[in-house]
Amino acid sequence: MADVTLQNLVKTFDTVEAVRGIDLRIPNNEFVVLVGPSGCGKSTVLRMIAGLEDITSGDIRIGDLRVNDVPPKDRNIAMVFQNYALYPHMTVEQNMSFGLRLRKVAKSEIRGKVQRAADILGIAELLGRRPRELSGGQRQRVAMGRAIVRDPQVFLFDEPLSNLDAKLRGQMRIEIQRLHQQLRTTTIYVTHDQVEAMTLADRVVVMNAGRIEQAGTPDEVYHQPRTRFVAGFMGSPAMNFLNCQVTEENGHTVARLADGPALPLPAEQAARVRSYAGRTLVAGLRPENIREAASHDGGNSGGVPHDISIDIVEPLGRETIVYFRLGDSTLCARVGTEVHPRAGERTSLVFHPDRLHLIDPETDLVL
Amino acid sequence: MTAVPVTGATSLRANRRWALIAAYACLGIFVVFFLFPPYYMLVTSLKTNAEIAELASNPWIVTDGVTFSHYEHLLTESSFPRFFLNTTIVTVVVVAITMVISVLAAYSLARLRFWGSGVLATGVFLTYLVPDTLLFIPLFKIVGWLGLLDTYWSLILVYPTLTVPFCTWIMIGYFGSIPRELDEAALIDGANHLQMLLKVFIPVALPGLIAATIFAFTVAWANFLYPLAYIYSESEMVLTVGTVTTLIKGDVFHWGGLMAGALLAAAPPVILYAFLMDYYIAGLTSGATKG
Amino acid sequence: MLPPLLRRKPAVAVLMCVPLFGLILGLVAYPFFHALFLATLNKAETAFVGLDNFSFLFGRQTFWMVVRQSLLFALVAVVFKALIGLAAAHAINTIPTKGQRKWRGMMLIPWVIPPALSTLGWWWLFEPTYSAINWGLTKLAVPAVPWLSDTFWARFSIILVNVWVGAPFFLIMYLAALKSIPGELYEAAEMDGAGPWQKFFYITLPMIRNIIAITTLFSIIVTLANFDIVRVLTQGGPLNTTHLFATYAFRVGIESGDIPLGAAVSLFMFPMLAILAFIILRNVRRRAASLA
């Protein structure tokens with residue numbers, strides 16, 4: 001086991017800069033998830049760590065070893081690929097043991113390791129089958145088994161669940177979590193799925209356009225996003241963004257939303273943004289912070305009601321998503337199932353200012 | 001209202017039935033056209049010389065009793081077994097040479113990319129379009145300089161020019177269709193180039209390898225021009241030329257033996273196809289359409 | 001493990017291509033240039049005669065016959081191979097999938113038999129005295145046909161045999177192309193009210209146009225360069241009226257021993273082949289680009 005250090009990592013394809021200077025230290029045993037939209041460079045970073053892409057500049061260390069010029073097989077890593085990359089002509093057992101056989105490990109030792117990995121993953125009865133005889137979830141397990149038997153210092157996962165259906169994806173998420181709890185191997189996991197990022201990660205690294213936007217615990221990136229990108233990327237439905245003005249009203253510092261209500265800011269936040277008074281800022285408010293008027297949880301404490309006209313309603317069972325217009329922008333609110341809003345109706349929704357994020361439109365940084 | 005869809009359905013069904021009848025009729029005619037010559041060859045080879053020479057009876061069936069004497073004669077009293085052996089040696093060696101050259105080159109061209117590899121791949125395709133009849137005369141000189149004239153080694157030298165380009169081309173296609181993730185997985189598993197080729201690429205592209213092998217086999221077995229131009233001694237001849245030139249001795253009534261020889265000589269490729277046709281067709285169609 | 005030089009990708013890659021490169025260079029490129037050189041020598045190969053061999057050929061009526069016959073042979077044969085191949089492929093694609101393999105297998109037999117050998121069978125079928133085809137024609141009260149002794153019928157015969165040998169290739173290519181057309185397109189067309197002919201002209205043909213083009217061009221090359229059939233069936237006769245480039249080059253270069261002149265005859269195929277190869281390459285590239 002080892003920690004992984006990336007120092008000012010840069011990757012250029014022809015003229016395109018895919019990765020523009022990544023600094024990241026991943027301590028031993030940590031489960032790090034690199035998340036971001038497609039093309040943000042997350043897979044490239046992973047492939048550079050694996051040794052599948054050359055490094056344009058910067059350094060990668062695994063443990064104490066600078067691995068920039070070390071071939072993949074000598075980096076003591078194992079990788080799980082998006083499409084599993086199982087050898088179609090080999091049985092499950094041969095797939096899992098291929099790396100060990102190439103390394104001339106003793107037969108008895110191989111058998112023991114394969115058996116142990118198969119037991120951990122619950123695929124012992126599949127060892128004699130070939131990949132095409134397996135379901136998607138089983139293939140996924142075999143791909144993980146192939147990584148486990150190598151007993152590597154670092155696990156690399158490249159969007160491993162993106163080919164599974166939603167239900168199986170949920171199951172495999174739990175499996176991967178359990179596996180990490182059991183093996184404690186340092187893990188770097190790439191995904192574009194924020195649910196995977198939130199549920200699996202010790203630490204989430206949000207990437208955009210070849211740079212790290214924010215690295216932090218799932219809680220931090222969700223509740224304390226540092227940039228507009230992170231605020232908008234994490235969370236589904238996505239955070240509402242609309243223009244606002246910070247003003248003093250009745251002795252309170254308030255954020256007056258464009259064509260909407262004025263939300264009083266908590267004292268601490270008010271202190272931070274007072275200097276922006278009079279300028280147009282971007283307000284970010286998550287859908288769960290816009291609720292129905294008579295919600296059970298704590299009444300309307302601190303909330304500001306506002307009359308709106310409902311555009312579209314999406315009932316999801318345990319909650320209902322309501323889209324409505326406020327001035328020029330379409331906003332989204334999550335309401336409970338007790339109320340039954342209808343498209344076209346006018347109703348009153350309550351805006352909760354305690355989780356309001358104010359963003360400087362010039363720097364896109366959260367204030 | 002209900003009547004409309006019902007008649008629509010029946011007319012649709014009637015259309016389909018007519019299409020099917022037309023298709024089978026068409027196929028029947030084509031099958032007769034494609035199969036009557038080999039059928040007639042077979043019938044002739046089973047007739048006695050007397051029946052072949054006789055003009056009155058129906059030539060399309062054996063009326064005077066089936067005989068295997070032509071085949072017996074061929075196998076025991078002619079050079080035919082010698083031709084068969086020579087053809088087998090030439091074909092096996094050519095197939096082996098072809099597969100080694102093609103697989104190595106295809107792996108390199110499909111995966112490793114180097115300066116000029118694109119040009120070389122195009123060159124391979126263009127070479128595949130060069131027919132044997134374009135270069136047989138300069139190759140005649142080259143074969144002569146090397147002292148290989150009138151030996152079947154000349155064929156082993158020149159046949160790869162016909163087999164290697166196409167085999168390389170379809171192997172590039174097969175290797176190229178292997179997902180890159182698979183090499184990457186093998187790379188992380190610790191495979192070097194040779195192991196990657198032998199333990200991953202070749203087994204995964206086995207259908208392509210079979211198709212290429214059959215192609216090389218067929219070309220080497222069937223070529224007629226090169227042996228006709230380069231070989232004169234009966235002891236060095238291969239089946240195609242041996243059958244056509246030495247079994248015709250101006251003897252009008254030797255047709256039975258000639259047909260028996262042609263059928264026996266054609267048997268190995270035909271048998272090979274019977275078992276491996278699907279591989280070959282897949283390879284051929286992918287080779288001609290993949291860019 | 002590997003020595004340092006080989007660990008670098010390009011070195012290994014180039015090394016693996018060396019045999020292929022050697023083959024193309026030594027046994028294709030070199031002979032081609034040698035052919036150009038040979039074609040400028042006199043019959044004894046002792047003196048440089050420039051373009052005399054070519055001007056000699058241009059002055060010979062036989063040579064121009066060979067040119068015309070080769071083109072006629074290639075064009076007519078390819079058209080019929082394409083039509084028969086398309087009809088047969090379409091018929092096979094119409095019948096239930098279960099039986100398709102069997103029919104396809106039977107129709108491929110002509111293409112599997114080495115052509116020199118199957119042509120022997122045809123030769124026997126065309127034999128003047130014993131022709132089994134003529135026997136059948138006589139029974140139908142049709143006069144016997146002088147298959148190989150009359151110019152028209154001899155040309156007809158070599159084209160017939162070439163069509164017989166080559167149509168299965170078109171069948172395979174077209175069948176593969178037909179199978180690659182998604183069935184949904186036909187269902188959508190049926191919804192739009194298209195009949196069988198409309199489906200064929202508006203969906204099938206456009207979808208397989210590229211394969212038709214590549215297969216046809218490819219077949220023109222192979223047919224233009226054909227040797228076996230004419231050599232076995234007519235040896236160029238009667239009176240050189242069935243000679244093709246290849247058989248004429250063989251007659252002149254190998255049998256009459258005028259190697260430079262034979263090389264010159266062969267080389268006449270080259271410009272045509274080069275143009276066809278260029279068009280094929282462009283088609284294949286375009287197809288590859290449209291798939292990417």
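Since we're looking at a predicted model, the values are computed, not measured.

Quick rundown of the overall build of chain A? Include the residues and the values.
Secondary structure assignment for chain A yields nine helices and 20 strands. Within chain A, buried positions represent 53% of all 367 residues. Counted over contacts in chain A with a minimum sequence separation of 6, partners at least 24 positions apart contribute 67%. Carbon and sulfur atoms provide 45% of the accessible area of chain A, an area that totals close to 16,300 Å². For chain A, the centre of its 44 positive side-chain charges and the centre of its 45 negative side-chain charges are spaced 8 Å apart.

Requested: an account of the interface of chain B and chain A, with residues and values cited.
Tallying the contact residues gives 15 residues for chain B and 24 residues for chain A. Carbon and sulfur atoms make up 65% of the surface buried where chain B meets chain A, a total of about 1,600 Å² over both sides. For the pair chain B and chain A, the number of links is two salt bridges. In this structure, Asp189(B) engages Arg150(A) in a salt bridge whose closest nitrogen and oxygen atoms are separated by 3.4 Å.

Could you give an account of the domain arrangement of chain A, naming the residues involved and the relevant values?
Reports of interface size often rely on the accessible area that becomes lost once the parts have come together. What the domain assignment lists for chain A is domain 1 (4-224) and domain 2 (240-359). Put simply, the middle of domain 1 of chain A and the middle of domain 2 of chain A, counted by C-alpha atoms, are 40 Å apart.

Summarise helix α3 (residues 69-77) of chain B; cite the residues concerned and give the values.
Residues and elements named next belong to chain B. Along α3, the residues that are buried comprise His 70, Tyr 71 and Leu 74. Angular distribution of buried residues about the axis of α3 spans 100°; they occupy a single face of the element. Of the exposed residues in α3, those oriented more than 90 degrees away from the buried face are Glu 72, Thr 76 and Glu 77.

An account of the domain arrangement of chain B is requested, with residue identities and associated values reported.
Residue and element names in this part refer to chain B. Split into domains, chain B comes out as domain 1 (3-67) and domain 2 (77-281). For domain 1 and domain 2, the distance between their C-alpha centres works out to 34 Å. If you look at the interface, domain 1 gives seven residues, while domain 2 gives seven residues. Taken over both partners, the interface formed by domain 1 and domain 2 buries close to 630 Å², and the fraction arising from carbon and sulfur atoms is 83%. When the buried area of domain 1 at its contact with domain 2 is split by residue, Met 41, Ser 45 and Ile 52 rank highest and sum to 57% of it. Taken together, domain 1 and domain 2 are joined by zero salt bridges. Elements represented by at least two residues in the side of domain 1 that touches domain 2 include exactly α1 (3-45) and α2 (49-53). Considering each element in turn, the side of domain 1 that touches domain 2 owes the most residues, four residues, to α1. Here the side of domain 1 that touches domain 2 is built from residues that sort into four nonpolar, three polar and no charged.

Go over the pattern of salt bridges with me, naming the residues and quoting the values.
Counted according to the given criterion, the structure contains 26 salt bridges over all chains. For Asp278(B), the salt bridge goes to Arg104(C), with nearest N and O atoms at 2.6 Å. Here Asp278(B), found in helix α14 (residues 255-289), pairs with Arg104(C), found in helix α5 (residues 97-107), and the two come from separate chains. Asp278(B) sits in the partly exposed class, given a relative accessible area of 35%. A residue is classified by how much of its surface remains accessible, and Arg104(C), at 14% relative accessible area, is buried. One connected set of salt bridges, linked through shared partners, spans Lys11(A), Arg47(A), Glu53(A) and Glu184(B).

Got a sec to walk through empty space enclosed by the protein? Specific residues and values, please.
For the structure shown, the criterion picks out seven cavities of 30 Å³ or more. Of the volumes computed, that of the largest cavity is approximately 1,100 Å³. If you trace the largest cavity, you find 41 residues lining it, with Phe215(B), Val219(B), Trp111(C), Pro115(C) and Val222(C) closest to the centre. Roughly 70 Å³ of internal volume is contained in the second largest cavity. Per element, the largest residue contribution to the lining of the second largest cavity is three residues, and it comes from helix α6 (residues 132-145) of chain B. Classifying every residue of the lining of the second largest cavity gives eight nonpolar, two polar and one charged.

I'd like to hear about the environment of Val205(A), residue by residue, with values.
All names here are of chain A. Note that Val 205 resides in strand β9 (residues 203-208). Overall, Val 205 belongs to the buried group, its relative accessible area being 0%. C-alpha of Val 205 to C-alpha of Arg 334: the two residues are 129 residues apart in sequence and 27 Å apart in space. With residues up to four places along the chain from it excluded, the contact list for Val 205 reads Leu 24, Val 32, Val 33, Leu 34, Val 35, Ile 212, Gln 214 and Ala 215.

Quick rundown of the sheet that holds strand β19 (residues 346-351) of chain A? Include the residues and the values.
Residues and elements named next belong to chain A. Ordered by their spatial adjacency, five strands build an open sheet running β15-β19-β16-β17-β18, and the pairing between neighbours is antiparallel. This sheet does not close on itself; its edge strands, each paired only once, are β15 (290-292) and β18 (329-335). Taken pair by pair, the neighbouring strands of this sheet meet at an average axis angle of 50°, ignoring direction. Relative to β19, strand β16 (residues 304-315) runs antiparallel, the two being bridged by six bridges. Bridge pairing links Ser 309 to Arg 346 in β19.

Give a description of the pairing of strand β11 (residues 240-249) of chain A that names residues and reports values.
Residues and elements named next belong to chain A. Examined bridge by bridge, β11 and strand β14 (residues 280-285) share six bridges and lie antiparallel to one another. Residue pairing across strands places Gln 245 opposite Thr 280, the latter belonging to β14. Bridge analysis of β11 against strand β12 (residues 252-257) gives six bridges, and the strand direction is antiparallel. In the sheet register, Glu 249 faces β12, and the bridge partner there is His 252. Hairpin connection of β11 to β12: two residues between the antiparallel strands, including Asn 250 at a positive phi of 55°.

Describe in detail the nonpolar core, supporting the description with residues and values.
Core analysis: the biggest nonpolar cluster contains 249 residues, and Phe136(B), Phe175(B) and Tyr230(B) have the highest contact counts within it. Counting 44 residues, the second-largest nonpolar core is a separate cluster that includes Tyr84(A), Leu100(A), Ile148(A) and Leu183(A).

Which residues make up the sheet that holds strand β20 (residues 357-359) of chain A, and what are the values?
Within a sheet, each strand pairs with its neighbour through backbone hydrogen bonds, oriented either parallel or antiparallel. Residues and elements named next belong to chain A. The strand order across the open sheet built from five strands is β13-β12-β11-β14-β20, with neighbouring strands paired in antiparallel fashion. Lying at the two open borders of the sheet, with one neighbouring strand each, are β13 (262-264) and β20. Between one strand axis and the next, the sheet turns by 40° as a mean value, whatever way the strands run.

Quick one: what's the story with the confidence of the model for chain B, residue by residue and with numbers?
Residues and elements named next belong to chain B. On average, residues of chain B score 88 in pLDDT, and 92% of them reach the 70 mark or higher. When pLDDT is averaged over each helix and strand of chain B, the minimum, 82, is found for α1 and the maximum, 96, for helix α7 (residues 153-158). A low-confidence stretch, residues 1-7 stays under pLDDT 50, and its non-local contacts, those more than four residues away or across chains, total zero contacts. Taken over the whole predicted complex, pTM reads 0.86, whereas the ipTM for its chain interfaces reads 0.90.

Can you lay out a nonpolar patch on the surface for me, pointing to particular residues and giving the numbers?
Taken together, the side chains of Trp145(B), Leu146(B) and Tyr30(C) make up a nonpolar region of the molecular surface, amounting to roughly 350 Å² of accessible area. Secondary-structure assignment places Tyr30(C) in helix α2 (residues 9-38). What makes Tyr30(C) partly exposed here is its relative accessible area of 38%.

Could you give an account of the packing of aromatic side chains, naming the residues involved and the relevant values?
Following the criterion strictly, the structure yields 58 aromatic pairs over all chains and no others. Taken together, a centroid distance of 6.3 Å and an interplanar angle of 50° make the contact between Phe80(B) and Phe84(B) tilted. Of this pair, Phe80(B) and Phe84(B) both sit in helix α4 (residues 80-112), four residues apart, which is roughly one turn of the helix. According to the relative accessible area criterion, Phe80(B) is buried, its value standing at 1%. Residue classification places Phe84(B) among the partly exposed positions, given a relative accessible area of 29%. When the ring centre of Tyr87(A) is taken as reference, the NZ or CZ atom of Arg146(A) above it lies at 5.1 Å. Sitting over the ring of Tyr222(A), Arg286(A) keeps its end group 3.9 Å from the ring centre.

Calculation criteria
- Residues numbered from 1 in each chain as written.
- Chains lettered and ligands numbered in written order.
- Predicted model: local features only at pLDDT ≥ 70, side-chain atom pairs only at ≥ 80, totals over all residues.
- Heavy atoms only, no water.
- Helix = DSSP H or I, 4+ residues; strand = E, 2+ residues; numbered from the N terminus.
- Buried < 20%, exposed > 50% of the residue type's maximum accessible area, 1.4 Å probe, protein only.
- Contact = heavy atoms within 4.5 Å.
- Areas by Shrake-Rupley, 256 points an atom, 1.4 Å probe, with all protein chains shown as cover.
- Lys, Arg positive; Asp, Glu negative; His and termini not counted.
- Charge placed at Lys NZ, Arg CZ, Asp CG, Glu CD.
- Buried area = accessible area lost by both parts, 1.4 Å probe.
- Salt bridge = Lys/Arg side-chain N within 4 Å of Asp/Glu carboxyl O.
- Domains from an automatic or database assignment.
- Arc of directions from axis to C-beta.
- Nonpolar A, V, L, I, M, F, W, Y, C, P; charged D, E, K, R; others polar.
- 1 Å grid on protein atoms, 1.4 Å probe; cavity = no way out; pocket = protein on both sides within 12 Å on 5 of 7 lines; lining within 4 Å.
- Points joined across faces, edges and corners; volume = space filled by probe spheres on them.
- Pairing = 2+ DSSP bridges.
- Axes fitted to C-alpha atoms, helices over the stretch in contact; angles between N-to-C directions.
- Core = buried A, V, L, I, M, F, W, Y, C linked by side-chain atoms within 4.5 Å.
- pLDDT = per-residue confidence, 0-100.
- Patch = residues over 30% accessible without salt bridge, like charges linked within 9 Å, V, L, I, M, F, W, Y side chains within 5 Å.
- Phe/Tyr/Trp six-rings, centres within 6.5 Å; stacked < 30°, edge-to-face > 60°.
- Lys NZ or Arg CZ within 6 Å of the ring centre and 35° of its normal.

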